[in-house]
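The primary structure of each chain is shown beneath.
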Number of protein chains: 2
Amino acid sequence: MANWIWHPGSFELYHSMLLHNRRTTTRTYEGGTRKSIYYYPMWRIDGPRHNAILEKKATINKPEVLKFYTNTDTANMVVDGKAYPRDSEVRLEAGEHTVVLQGYKKLGFPTFYVEGDTFKTDRTYVVGGADDKAGRHAGYSDYYTEPSHSPEVFRFCYERMYPVSKKEINGGTLFDFGKEVFGKITLDNLDGKDRFVALGESMEEALDVEFCQIGLNVSGDYFLSEPVAFRYIFVPELTGVETFVAFEFLPLENRGSFECDNELVNKLWDVCAYTMLLNSREGFFDGIKRDRWVWAGDAYQTNLVNYYLAFDKDIVRRTVRILRGADPITKHINTICDYTFLWIASVWDYYLYTGDEDFVRDIYPEILDMWAFIEPRLDTDGMYKRQPDDWVFIDWSTFDSNGPMCAENMLLARAYEVTEKYATLVGDDKWAEHARVRHEYIVSEINKRYWSEEKCAFVDDYKSGRNNVTRHANIFAILFDYTSEERKEKIIKNVILNDKITKITTPYFEFYELDAMCKIGNYEYMTNMLDSYWGEMIRLGATTIWEEFDPTKKGIEHYEMYGGKYEKSLCHAWGASPIYLLGKYALGVIPTDVGYKRYEVKPNTMTFGKISGKVPTPNGDIFVSIDKEKCEVVSEIDGGTLILGDKKYPIIKGEKLTIKL
Amino acid sequence: MANWIWHPGSFELYHSMLLHNRRTTTRTYEGGTRKSIYYYPMWRIDGPRHNAILEKKATINKPEVLKFYTNTDTANMVVDGKAYPRDSEVRLEAGEHTVVLQGYKKLGFPTFYVEGDTFKTDRTYVVGGADDKAGRHAGYSDYYTEPSHSPEVFRFCYERMYPVSKKEINGGTLFDFGKEVFGKITLDNLDGKDRFVALGESMEEALDVEFCQIGLNVSGDYFLSEPVAFRYIFVPELTGVETFVAFEFLPLENRGSFECDNELVNKLWDVCAYTMLLNSREGFFDGIKRDRWVWAGDAYQTNLVNYYLAFDKDIVRRTVRILRGADPITKHINTICDYTFLWIASVWDYYLYTGDEDFVRDIYPEILDMWAFIEPRLDTDGMYKRQPDDWVFIDWSTFDSNGPMCAENMLLARAYEVTEKYATLVGDDKWAEHARVRHEYIVSEINKRYWSEEKCAFVDDYKSGRNNVTRHANIFAILFDYTSEERKEKIIKNVILNDKITKITTPYFEFYELDAMCKIGNYEYMTNMLDSYWGEMIRLGATTIWEEFDPTKKGIEHYEMYGGKYEKSLCHAWGASPIYLLGKYALGVIPTDVGYKRYEVKPNTMTFGKISGKVPTPNGDIFVSIDKEKCEVVSEIDGGTLILGDKKYPIIKGEKLTIKL
């Protein structure tokens, strides 16, 4: 099977350009008119290359016939120096041949598809000609493998949905779809007048025409919107109107599953999975209502959740490339320095879970280009230094963040740590050694500079003298193993379990905190949080996980953020971490070598009576169940070890392993 | 009057992308089928940005009304933080305001037009937001100043033309348009069959269906081509066919003129002017038949010719930006190192002749980015060093060119020399000093390393030991004043006037040679060349100047180049130098301060009995005539001095100055 191929990154840059320009918001104008308007992207958006040249040289032992397809305005397939136009069929005799695909497309980006045997289009074509990326592998996607496919059209599926309820209220009509959805709205039986239709993730938002975050400017008798996210539609001052929605989604199969004897947890797992579905698109989105953008911090986590849910490799690769953007690199990813470091780290997780060495090779030069941007901005000793245009994020929290933040240096160290692995894989010994030295130095300096014996914690900033302690850097220290066991104990006692240290309020950082707590075996901390934090959203009727949650708030206070009454996203992918945490620590499935060549299953009932579920891997699923009496594992792949306490049992592919407890 | 504005460079990148993808050539396929096919660009072609954000902050003393136009898919005019859609009218009260224009366009590039007073769109808007070019001035063109204009459509004019003759020959129909033309060909009375129509700059080419360089694949009864260049059209195997052409051109007024008592020279001046017209398009093209591309070496000269002909500033600015391309810079311009240096130098000529300080300021950061590419590729001592992917061109000639060529170092020195001037203008003292030091060092080292006392000349390479002498570096030494008067004398005697040193065969390098010879007062060398070289082409019936000319060749041998029977371009802009040489040295008009604030008129009849003509300047024309008896100057601008021998006469604006000789 051949792939449509393109200049590496062009596919992702094109769809990224489209999606990052789709954000809208609402504004009120003179006389109270409400309008849905374009929201300009917050970072430089790159377009794709409009020219592409890709080539392959190979020796074939038997004749083959090439058939050349392309979407370009103009293109050649140059076979052994001779140019052929689109739709040509060319017979190659046995022997050495060179095929060069060259083309240009003004709108969109050039792509090529060649049917053949050895010379069929796939990743083995490389950039050619005078292109500055010469030698890099062609871009491709698992989604575009037939001549009839068009890589410029994203392969979404559509399903018609009707509201679950309709009622007349405030003189208008309110539709409820029963859960958050994303799709193209059709409105029928309109009255021809210009009007503003309010959408809401909550009923309150939809009815609050003056302040709702997303709306539609409607005119005529019939209306079809661009895809938008909502649960409620409110058509003011009109009754008798009808609606349905073309739900737009990627048909990702949830290969992972989880069940336990706590129905709330089962429900929240499903809600997390649905939150993931809505945000799984061209790449992993942050949230489906407001930004609908790709943010590297969010994606770092969503990628990990994906490995315990759909295990879709293509979406991770797309996400990584979307975030990378085009050259030249002149700002941090999403303008956020921690996101750049997490972007580099995310490739390691991808490789660990999938074993896709090709992608590491393909993205490696892009990572080095990123380092060429990062390193000149570091301090003279190579530690993180705040630059004027850095957005130091880490989390929505209050940090002592004007100086060289501890948490940033932790992430910088992590980025070097994984870069050593990439460099080793591709045989770049010089960079492997450089990254190793930098990683060790930074970890050692972090422990010297930022550790406060008085606070028994890492402080935000060692220069400011404030010795401010937040959870974040301390969590990273545990998560990345960047300090001694003794200090970890102190951190747990004096930071994590210390109510005086400001609590984490975003599901984003809960991810890291709970990952760290599970890592040190404090499962109850995690299951308590599932109940008090995620569980509370579910009890409040959430059909998807929110961007942020503060249990002390009431009613529509929950929906406020960034100064907007309903600006909070109620369907935010970074909240789906329970899928990852339960898969990794309750079902206990963890790859110990890349691509699950070797893996461990360390199931743990935690505070549940029994659990069961499936974890996907590149070559099959692993089914695990455990209760007080027995543990069962059925795996479709070799290389596994079941670990129960201090006992280890080899897992044989296809054979049910049952251990009485 | 407002301008349409855009992200700086986007207009040029867009049109550059279109034009560099328009080249075609012909190939023969199985069974002898001839086809016109796409010719892929030889360097990376960049597209425009598809997003743009431009802003302006100003205080106004009286109210004004802004009206917002845009070509975008989606856009806002954000006035004091409030977003308005396209076609909005917004009233600003007196006071301080900020206007931000932000938009996105998938096909083409985003442009904005705001009617207003202070806030009307023009260069004073700057790039805003998180864009890496923040603070740089908006892009604009003199050609797009009305709301009805569309910067994505290049403003060509069209004129219908009919062939001057038609005859049946070889069973087909041959049309002759009497001179080289460029336009869209209409063919009527076709017979519905697929056929290949041959085009020719010469009759021989058009009739040589098997080897002609450019052709058309025609089918149906009626055919309209994309614009192409030709003088002859040959429709094989068909009679009764009719044709006409929509001649496509820029309506540039030839403000410069020249006449003398040598009719051949008058004719070749007109042929040069027509050659310029055909190649004056989105930027200055090399030639109109084959490449139709923008090459920096060619443009360096064409720019100079333009200052004595149409004096169109916009086309020079466009040419400079087209050549610059987008970031990142990863290869030399057109992949040729000498062209990068000439590109930097070309901005100085533009500034000297036009006085357009704004453009120097706008392009200055782009020049520094170019230096950031150049300098790491230099040798440890900062001299030119050949890099593996450098195309060392200088000229079509045989050089000792594997090492650090003298001519390249001359051009490198020249690039530093002018960069010092740019840096001084924009107040970048550090770079001014750096460039000054580098320029002086390189000139001094050139004189140490490359001068051969034995050969009395600069040699190509001081390392190879071959001591090969070509004219090129020696010409640069005279032209840029990079050696002593004593050495210049030796060069003239031992190189320029030495028939044993390989002659220049391209009009390209004739430009430099004749400029240098005129500079040292050897006008006869130039006028002889006008007769023997340009004149010979005219005598052979040229209606435009050829890419290369070798008087020893005969018949269709003249049309051969690069291994193709008719691959030579017979309409090549670099051949138009007589306009420059006659304007600068015969009419003798030279700016001595930027923008003709001060200028000299040193007319010289050379080998002619009398000459007269006009030279354009930014603010008016200068008319000069001289014969054996008197010299007359009428100038529309102040600041001039007439120099005749050792006598000087001030030129008063608007007053005829007549000096008896």
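Residues numbered from 1 in each chain as written. Chains lettered and ligands numbered in written order. Predicted model: local features only at pLDDT ≥ 70, side-chain atom pairs only at ≥ 80, totals over all residues. Heavy atoms only, no water.

## Regarding the relation of the copies chain B and chain A
Between the two copies of the chain lies a relationship made up of a rotation around an axis and a movement along it.
Thinking step 1. For these two chains of identical sequence, chain B goes onto chain A by a turn of 180° and a shift of 0.0 Å along the axis, with RMSD 0.0 Å. Viewed as a symmetry operation, the transformation between the two copies matches a two-fold axis.
Thinking step 2. When the interface residues of chain B are mapped onto chain A, 100% of them again fall at the interface, so both copies present the same face. (Least-squares fit on C-alpha atoms with pLDDT ≥ 70 in both. Contact = heavy atoms within 4.5 Å.)

## Focus: the packing of helix α8 (residues 406-426) of chain A against helix α9 (residues 429-449) of chain A
Residues and elements named next belong to chain A.
Thinking step 1. As a packed pair, α8 and α9 sit with axes 8 Å apart at the nearest point and diverge in direction by 155°. Taken together, the axis directions place α8 and α9 in an arrangement best described as roughly antiparallel. For the crossing formed where α8 meets α9, the hand is left-handed. Contacts between α8 and α9 pair C406, N409, M410, L412, A413, Y416, E417, T419, E420, A423 and T424 from the former with W431, A432, H434, A435, R436, R438, H439, I442, V443 and I446 from the latter.
Thinking step 2. Tallied by class, the residues present in the contact of α8 with α9 amount to 12 nonpolar, five polar and four charged. (Axes fitted to C-alpha atoms, helices over the stretch in contact; angles between N-to-C directions. Helix = DSSP H or I, 4+ residues; strand = E, 2+ residues; numbered from the N terminus. Parallel < 35°, antiparallel > 145°, perpendicular 65-115°, else oblique. Left-handed = near helix turned anticlockwise from the far one by under 90°. Nonpolar A, V, L, I, M, F, W, Y, C, P; charged D, E, K, R; others polar.)

## Topic: the domain arrangement of chain A
Thinking step 1. Domain annotation for chain A reports domain 1 (5-140), domain 2 (157-249), domain 3 (253-324 + 504-586), domain 4 (337-392 + 398-503) and domain 5 (595-660).
Thinking step 2. For domain 1 of chain A and domain 5 of chain A, the distance between their C-alpha centres works out to 43 Å. (Domains from an automatic or database assignment.)

## Details of the sheet that holds strand β26 (residues 640-644) of chain A
Residues and elements named next belong to chain A.
Thinking step 1. Here four strands make up an open sheet; going across it, the order is β21-β22-β26-β27 and the pairing mixed. The sheet is open, and its two edges are formed by β21 (589-591) and β27 (647-651), each paired on a single side. On average, each strand axis in the sheet is inclined to that of its neighbour by 25°, with strand direction left out of account.
Thinking step 2. Bridge count for β21 against strand β22 (residues 599-601) is three bridges, and the pairing is antiparallel. Across the sheet, the residue bridging to P591 is Y599, located in β22. (Pairing = 2+ DSSP bridges.)

## Quick notes on the state of the cysteines
Residues and elements named next belong to chain A.
Thinking step 1. Tallied over the full model, the rule gives zero disulfides over all chains.
Thinking step 2. Looking at C212, it has no disulfide partner, and the nearest cysteine sulfur is the one in C571, 18 Å off.
Thinking step 3. For C212, a relative accessible area of 1% translates into the label buried.
Thinking step 4. C406 provides the cysteine sulfur closest to C456, a residue in no disulfide bond, and the two sulfurs are 15 Å apart.
Thinking step 5. On the accessibility criterion, C456 (15% relative accessible area) is buried. (Disulfide = S-S within 2.5 Å. Buried < 20%, exposed > 50% of the residue type's maximum accessible area, 1.4 Å probe, protein only.)

## Brief notes about the sheet that holds strand β18 (residues 257-260) of chain B
Residue and element names in this part refer to chain B.
Thinking step 1. Reading across the sheet, the five strands line up as β18-β23-β24-β25-β28 and stay open at both edges, with antiparallel pairing between neighbours. The open sheet terminates on both sides in strands that have one partner only, identified here as β18 and β28 (657-660). Taking the axes of each pair of neighbouring strands and ignoring which way they run, one obtains an average angle of 10° across the sheet.
Thinking step 2. Relative to β28, strand β25 (residues 630-635) runs antiparallel, the two being bridged by four bridges. In the sheet register, E632 faces β28, and the bridge partner there is T658.

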